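An overview of the molecular structure
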Amino acid sequence: MSRLIAIVGGTGPEGSGLALRWVRAGETVIIGSRNPQRALRTAAQIAEKTGAPDRVRGEENASAVAAADVVVLTVPFSGQAGLLKQLKSAFKPGAVLIDTTVPLAAAVGGRATRTLSVWQGSAAEQAAELVPKGVAVAAAFQNLSAVLLDSEARVECDVIVCSDDDRARQVASELAEKIPGVRALHGGRLENARIVEQLTALLVTLNRKHGVHGAGIRVTGLPNQAMRQPPREED
Ligand SMILES: NC(=O)c1ccc[n+]([C@@H]2O[C@H](COP(=O)([O-])OP(=O)(O)OC[C@H]3O[C@@H](n4cnc5c(N)ncnc54)[C@H](OP(=O)(O)O)[C@@H]3O)[C@@H](O)[C@H]2O)c1
């Protein structure tokens, strides 16, 4: 399927790591930034690493969003709401937004092992309030370490995808499984993103306790094709 993916905040480690993996997998990515020169620099680095300059470019965030079918938001929580308000008019009708934001207290000068409480319940639900009608939101990738993404290695992690929209869940799950080793899991409604976001603070603690940078999650006891099995209605 041919689609254009804009990564807003794609100059940071999480966004550029996802871009690297998706360009390697044959997807076409626009690195978005508040500063077009920074976007171009990151795009050039990814082009060099992947040998695919025709599948990655860099642009200012708004023009990246305006061109994209899928927008992936990879900015700190402190910038999430303001940026989405600025970008609201740029979204194509029918676009999908994949939110990776974790409301770590570190985003406002606190600890990376703690999260902030978000009025809407989660950063992803806040994002869903701020995008135009017709833009479907999925939450994913909050537990996937940028250090793992920026390597050649398989990423032996699950990505829990939460959404109220089947198409958004499908797109996020397909993109997750473009990363070798990753299994996408149907995580139910968007409101479950609050649980997934909290797990990241725990993963930061585990990284510190064990002196690593790539702690992730694997859920056991599920059928192989867990993505294809939506939770029962009451879940
Ligand atoms: N790093 C990880 O391992 C990891 C793992 C899972 C989830 N996450 C989540 O993914 C998101 C991105 O993580 P990251 O480590 O890549 O973050 P980051 O390096 O702090 O920021 C990513 C990019 O966001 C832009 N940005 C920074 N502050 C902003 C603001 N106030 N307003 C608008 N844009 C701003 C910057 O791009 P420009 O200056 O070029 O615009 C920056 O390069 C975070 O919410 C994080 O919690 C991270």
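Just above, that's the structure.
Residues numbered from 1 in each chain as written. Predicted model: local features only at pLDDT ≥ 70, side-chain atom pairs only at ≥ 80, totals over all residues. Heavy atoms only, no water.

1. Quick notes on the overall build of the chain
- A count of helical and extended segments in the chain gives eight helices and eight strands.
- Taking 18 Å as the expected radius of gyration for a compact globule of 235 residues, we find that the chain reaches 16 Å, a close match to that expectation.
- Here the C-alpha coordinates of the chain stretch approximately 40 × 40 × 40 Å along the principal axes.
- By the burial criterion, 53% of the 235 residues in the chain qualify as buried.
- A separation threshold of at least 6 residues defines the contact pool for the chain, and within that pool the share at least 24 residues apart is 75%.
- Accessible surface, the chain as shown: approximately 11100 Å² in total, 51% of it carbon and sulfur.
- Averaging the locations of the 27 positively and 24 negatively charged side chains of the chain gives two centres separated by 5 Å. (Helix = DSSP H or I, 4+ residues; strand = E, 2+ residues; numbered from the N terminus. Rg over C-alpha atoms; globule rule 2.2 N^0.38 Å. Buried < 20%, exposed > 50% of the residue type's maximum accessible area, 1.4 Å probe, protein only. Contact = heavy atoms within 4.5 Å. Areas by Shrake-Rupley, 256 points an atom, 1.4 Å probe, with all protein chains shown as cover. Lys, Arg positive; Asp, Glu negative; His and termini not counted. Charge placed at Lys NZ, Arg CZ, Asp CG, Glu CD.)

2. Notes on the site of the ligand
- T11, S33, R34, R38 and V75 are the nearest of the 21 residues found near the ligand.
- In this structure, G12 approaches the ligand through a main-chain N or O atom, which is 3.3 Å from an oxygen atom.
- Summarising the interface, the protein chains cover 76% of the accessible area of the ligand, which totals 890 Å² for the free molecule.
- Only α1 (13-24) and α4 (77-87) provide two or more residues apiece to the shell around the ligand.
- Looking at the shell around the ligand residue by residue, the class counts come to eight nonpolar, 10 polar and three charged. (Near = heavy atom within 4 Å. Polar contact = N/O pair within 3.5 Å; in protein donor to acceptor, adjacent residues only side chain to side chain. Nonpolar A, V, L, I, M, F, W, Y, C, P; charged D, E, K, R; others polar.)

3. Quick notes on the packing of aromatic side chains
- On inspection of all chains with the given rule, the structure shows one aromatic pair.
- Their ring planes at 70° and their centres at 5.6 Å tell us that W22 and F141 sit as a pair that is edge-to-face. Residue W22 is found in helix α1, and its partner F141 is found in the loop between β6 (136-139) and α6 (146-149); the two are separated by 119 residues along the sequence. The two residues W22 and F141 agree in class, both being buried. (Phe/Tyr/Trp six-rings, centres within 6.5 Å; stacked < 30°, edge-to-face > 60°.)

4. Looking at the sheet that holds strand β3 (residues 56-60)
- Pairing in this open sheet of eight strands is mixed, and the strands run β3-β2-β1-β4-β5-β6-β7-β8 from one edge to the other. Whereas interior strands pair on both sides, the edge strands pair on one side only; in this sheet they are β3 and β8 (183-186). Across this sheet, the average inter-strand angle for adjacent strands is 25°, counted without regard to direction.
- Here strand β1 (residues 4-8) pairs with strand β4 (residues 70-73) via four bridges, running parallel. When the sheet's bridge partners are listed, V8 is paired in β4 with L73.
- Sitting on the sheet, helix α2 (residues 36-50) touches β2 (28-33) and β3, and the angle it makes with β3 is about 170°. (Pairing = 2+ DSSP bridges. Axes fitted to C-alpha atoms, helices over the stretch in contact; angles between N-to-C directions.)

5. Re the layout of surface pockets
- In this model, the largest pocket occupies a volume close to 950 Å³.
- Lining the largest pocket are 38 residues, and of these P13, E14, T74, V75 and P76 lie nearest its centre.
- Elements represented by at least two residues in the lining of the largest pocket include exactly α1, α4, α6 and α8 (193-210).
- A total of five residues in the lining of the largest pocket trace back to one element, the largest contributor, which is α4.
- Looking at side-chain class alone, the lining of the largest pocket contains 17 nonpolar, 18 polar and three charged residues. (1 Å grid on protein atoms, 1.4 Å probe; cavity = no way out; pocket = protein on both sides within 12 Å on 5 of 7 lines; lining within 4 Å. Points joined across faces, edges and corners; volume = space filled by probe spheres on them.)

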